[in-house]
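Residues per chain, in single letters:
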Amino acid sequence: MATTRHSQAMFFQARAGEKVRDKVLQRALQKAKPLFSGKRGQAMVALADDGMDFETLRTACEEIRNRVLNDLDVWLALFEERAKANGAEVLWARDGDDICDLVIDVARRHGVSKVAKSKSMLSEEAHLNDALSAAGIRPVETDLGEYIIQLAGETPSHIIAPAVHKTIEQIEELFAKEHGRPIEQRTSEDIPAMTREARAVLREHFLTADMGISGANFLIAETGTASLVTNEGNGRMVTTLPKVHVVITGIEKVVPTLEDFATLMRMLPRSATGQTISNYVSLLTGTKRPGDSDGPEKTVFILVDNGRASLLGSAYQDMLRCIRCSACMNHCPVYFSLGGHAYGWVYPGPMGSVLTPLYTGIANALDLPHASTGCNQCGSVCPVKIPLPKLMHRLREDQNEMGLRPWSERLGLKAWAWVAGKPRLYRWLVRRAIGYLHWLADDKGRIQVLGMAPGWTVGRDLVAPQGKSFHEQYAARKRASK
Ligand code: SF4
């Protein structure tokens, strides 16, 4: 199981309250929200215009991922064999502490004092930057969003847009402090100039870092290749300029063939940013060969479990299909009301509501599987058909079975199950409940205080039931059709 010492997922409710009241955060989220979902929507329309069908394509992606997971050991062994044949070293990490120990060991073996990093969620799982700094090695984040949050001393709030919670004014302040350009000389529309400023600083780091660390979107077994899909050139700098390149990625990221990779790539950028293809798609195979103009002298793959293997063969195996596109959170009303930090660990949104309890322990993230409206937007956009709402329900069931829910809730569910098994009693109670709700409602049909569960009406009114119940309508239709 992943380390829980940095997880704040148990404080979801308190953090959610804070985030809802944070006006600056709300401004940043409301600005970003339509961008993600709008661009993905346009990309899917264009997909159909190009003669491809979303459902057919995502079924193909689901099948590729299932094929891998059903024989994960075989594909990992093949990847290891091919990667070693290309001159790479392959190491295995059980958990976050292992990742840190292995990276520091590689760094010490090669006399590394500075590391340039491309985005890697696994290094967030391991809190690698803290471990590197403690070992006297300077980590520098080079993805622009990651660079911003490193300056702010924060963690990512989104898996592909780590600084989405920051406003331009906050970033201006950070850059003024770090880059020494007085804030009075800036205009808030000066984004290209700010980007150039960050680029100039980062270029120095690319040229002087002894080691590059990246993640990998996929590992291709048949060729021993790591693929990296980015929109900034930093991924290529990090993986080719320093003398040592370390790839840290989860064991579930392997895919069998280049053809499978190509199929998944039809879905990944479209689902993530609405692009047909990302700006940079790099296929990194082995070390620099004689005659190559660039490339690392040493390539190390660190393949990480950190809770993944325990999901194989379990009711949650489907979650390992995730290709980290972020479409689920980009369409989630809960995510865009709170931002990613409310979720308390590395992965936010619906995928985090499933992954965090599974990786850090069900008892350590009790609220997350309940952080859902049940609208299934996440499940319907997921490019590998992960049934996210179903998995959240399953986690709620597990919480109940493990006795982790309050006794009143468990008793209520038992009573509900008993009543639901007795249709006549159920219908009688529904009629009584409707009458009670009408009695509570004001003359506009709205309930301002719900007697037995006042929490429901703290922030909004409840509309009293309208018309007839489902059973009454069903019986009426049956009678009419006779
Ligand atoms: S769960 Fe699905 S939609 Fe969410 S990040 Fe993973 S692949 Fe994308």
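Note that this is a predicted model, so its numbers are computed, not measured. Position labels on residues start from 1 in each chain and follow its written sequence. Reporting of local features is limited, given that this is a predicted model, to residues whose pLDDT is at least 70; pairs of side-chain atoms are given and counted only at 80 or more, and all residues count toward the totals for whole chains, interfaces and linings.

## Focus: the overall build of the protein chain
Link 1 in the chain: Secondary structure assignment for the protein chain yields 20 helices and twelve strands.
Link 2 in the chain: Values of the radius of gyration come from C-alpha atoms, whereas the globule rule sets the reference at 2.2 Å times the count of residues to the power 0.38. At 25 Å, the protein chain has a C-alpha radius of gyration in line with the 23 Å of a compact globule built from 482 residues.
Link 3 in the chain: Projecting the C-alpha coordinates of the protein chain onto the three principal axes gives extents of approximately 85 × 60 × 50 Å.
Link 4 in the chain: The buried share among the 482 residues of the protein chain stands at 39%.
Link 5 in the chain: In the protein chain, the proportion of contacts linking residues at least 24 apart, taken out of those at least 6 apart, comes to 74%. Think of it this way: any DSSP run of H or I at least four residues long counts as a helix, any run of E at least two long counts as a strand, and we number them from the N terminus. As a rule, residues whose C-beta atom has 12 or fewer other C-beta atoms within 10 Å are exposed, those with 20 or more are buried, and those in between are partly exposed; C-beta atoms are placed from the backbone. Throughout, a pair of residues is in contact if the C-beta atoms placed from their backbones lie within 7 Å.

## Brief notes about the sheet that holds strand β10 (residues 298-304)
Link 1 in the chain: Here six strands make up an open sheet; going across it, the order is β1-β10-β7-β4-β2-β3 and the pairing parallel. Two strands lie at the open edges of the sheet, namely β1 (89-93) and β3 (138-141), each paired on one side alone. Put simply, the sheet's adjacent strands are angled 25 degrees from each other on average, direction ignored. At least two bridges found by DSSP between two strands are what make those strands a pair. Lines are fitted to the C-alpha atoms to define the axes, a helix being fitted only along its stretch in contact, and any angle between axes, read from their N-to-C directions, falls within 0 to 180 degrees.

## Here's the deal with the site of the ligand
Link 1 in the chain: Near the ligand lie 13 residues; those nearest to it are C322, C325, C328, M351 and C382.
Link 2 in the chain: Taken together, the residues that form the shell around the ligand break down as eleven nonpolar, one polar and one charged. A residue counts as near a molecule or strand when its C-beta atom, positioned from the backbone, falls within 6 Å of it. Amino acids outside the nonpolar list (Ala, Val, Leu, Ile, Met, Phe, Trp, Tyr, Cys, Pro) and the charged list (Asp, Glu, Lys, Arg) are all regarded as polar, and Gly is one of them.

## Quick look at the sheet that holds strand β6 (residues 225-230)
Link 1 in the chain: With respect to topology, four strands assemble into an open sheet ordered β8-β5-β6-β9, the strand pairing being mixed. Either end of the sheet is taken by a strand with one partner, and the two such strands are β8 (254-255) and β9 (280-284).
Link 2 in the chain: Here three bridges tie strand β5 (residues 218-220) to β6, and the two strands are oriented antiparallel to one another. What sits directly across from L219, in β6, is A226.
Link 3 in the chain: Sheet contacts for helix α12 (residues 258-272): β5, β6, β8 and β9; angle to β5, the most-contacted strand, approximately 165 degrees.

## Structural notes on helix α15 (residues 349-360)
Residues lying three or four places apart along an α-helix face the same way, a consequence of the helix completing one turn every 3.6 residues.
Link 1 in the chain: Multiply 1.5 Å by the residue count of a helix minus one, and that product is the helix's expected span. Between its first and last C-alpha, α15 extends 16 Å over twelve residues, near the 16 Å set by a 1.5 Å rise per residue.
Link 2 in the chain: Counting buried positions along α15 yields twelve of twelve residues, so the element is predominantly enclosed.
Link 3 in the chain: Every buried residue of α15 is listed here: G349, P350, M351, G352, S353, V354, L355, T356, P357, L358, Y359 and T360.
Link 4 in the chain: Along its buried surface, α15 packs onto α13 (327-330), α14 (335-338), α16 (377-381) and α17 (388-401).
Link 5 in the chain: Taken from the residues just after α15, G361 is the one with a positive phi, measuring 110 degrees.

## Describing the domain arrangement of the protein chain
Link 1 in the chain: Domain segmentation is taken from an automatic or database assignment of domains. The domain boundaries assigned to the protein chain delineate domain 1 (9-309) and domain 2 (422-481).
Link 2 in the chain: Centre-to-centre separation of domain 1 and domain 2, based on C-alpha positions: 49 Å.

## Some thoughts on helix α5 (residues 96-109)
Link 1 in the chain: Here α5 contains 14 residues, and its C-alpha end-to-end distance of 20 Å stays within 8% of the 20 Å for a straight helix at 1.5 Å per residue.
Link 2 in the chain: Looking only at α5, the buried set comprises G96, I99, C100, V103 and A107. Summarising the axial view, the buried residues of α5 lie within an arc of 95 degrees, below the 170-degree limit, and thus occupy one face. Exposed positions of α5 whose direction lies more than 90 degrees from the buried face are R108 and R109. When we speak of the arc, we mean the arc of directions from the helix axis to the C-beta atoms.

## Some words on the environment of K84
Link 1 in the chain: Structurally, the position occupied by K84 is in helix α4 (residues 72-85).
Link 2 in the chain: Taking the C-alpha atoms as reference points, K84 and F301, separated by 217 residues in sequence, lie 9.7 Å from one another.

## With respect to the packing of α15 against α17
Link 1 in the chain: In the contact formed by α15 and α17, the axes pass within 9 Å of each other and the chain directions differ by 35 degrees. Where α15 crosses over α17, the two elements pack in a sense that is left-handed. Facing α15, whose interface residues are P350, M351, S353, V354 and P357, α17 presents L388, L391, M392 and L395.
Link 2 in the chain: Partitioning the contact of α15 with α17 into residue classes produces eight nonpolar, one polar and no charged. Here is the rule for handedness: rotate from the far helix to the near one, and if that takes an anticlockwise turn smaller than a right angle the crossing is left-handed, while a clockwise turn gives right-handed.

## Some points on the pairing of β10
Link 1 in the chain: Counting buried residues along β10, six of its seven residues qualify, which places the element largely inside the surrounding structure.
Link 2 in the chain: As defined by bridge partners, β1 adjoins β10 across five bridges and the pair is classed as parallel. Paired with A93 across the strands is V304, a residue of β10.
Link 3 in the chain: Sheet topology note: the strand β7 (residues 244-250)/β10 ladder contains seven bridges and is parallel. Within the sheet, the bridge partner assigned to I248 lies in β10 and is I302.

## A closer look at the nonpolar core
Link 1 in the chain: Counting 106 residues, the largest nonpolar core has I99, L264 and I302 as its most contacted members.
Link 2 in the chain: Residue contributions to this core peak at six residues, all from α12.
Link 3 in the chain: The contact partners of I99, leaving out residues within four places of it in the chain, are A93, L122, A126, L128, I248, I302 and V304. Defined on buried residues, the nonpolar core groups Ala, Val, Leu, Ile, Met, Phe, Trp, Tyr and Cys residues joined through C-beta atoms within 7 Å.

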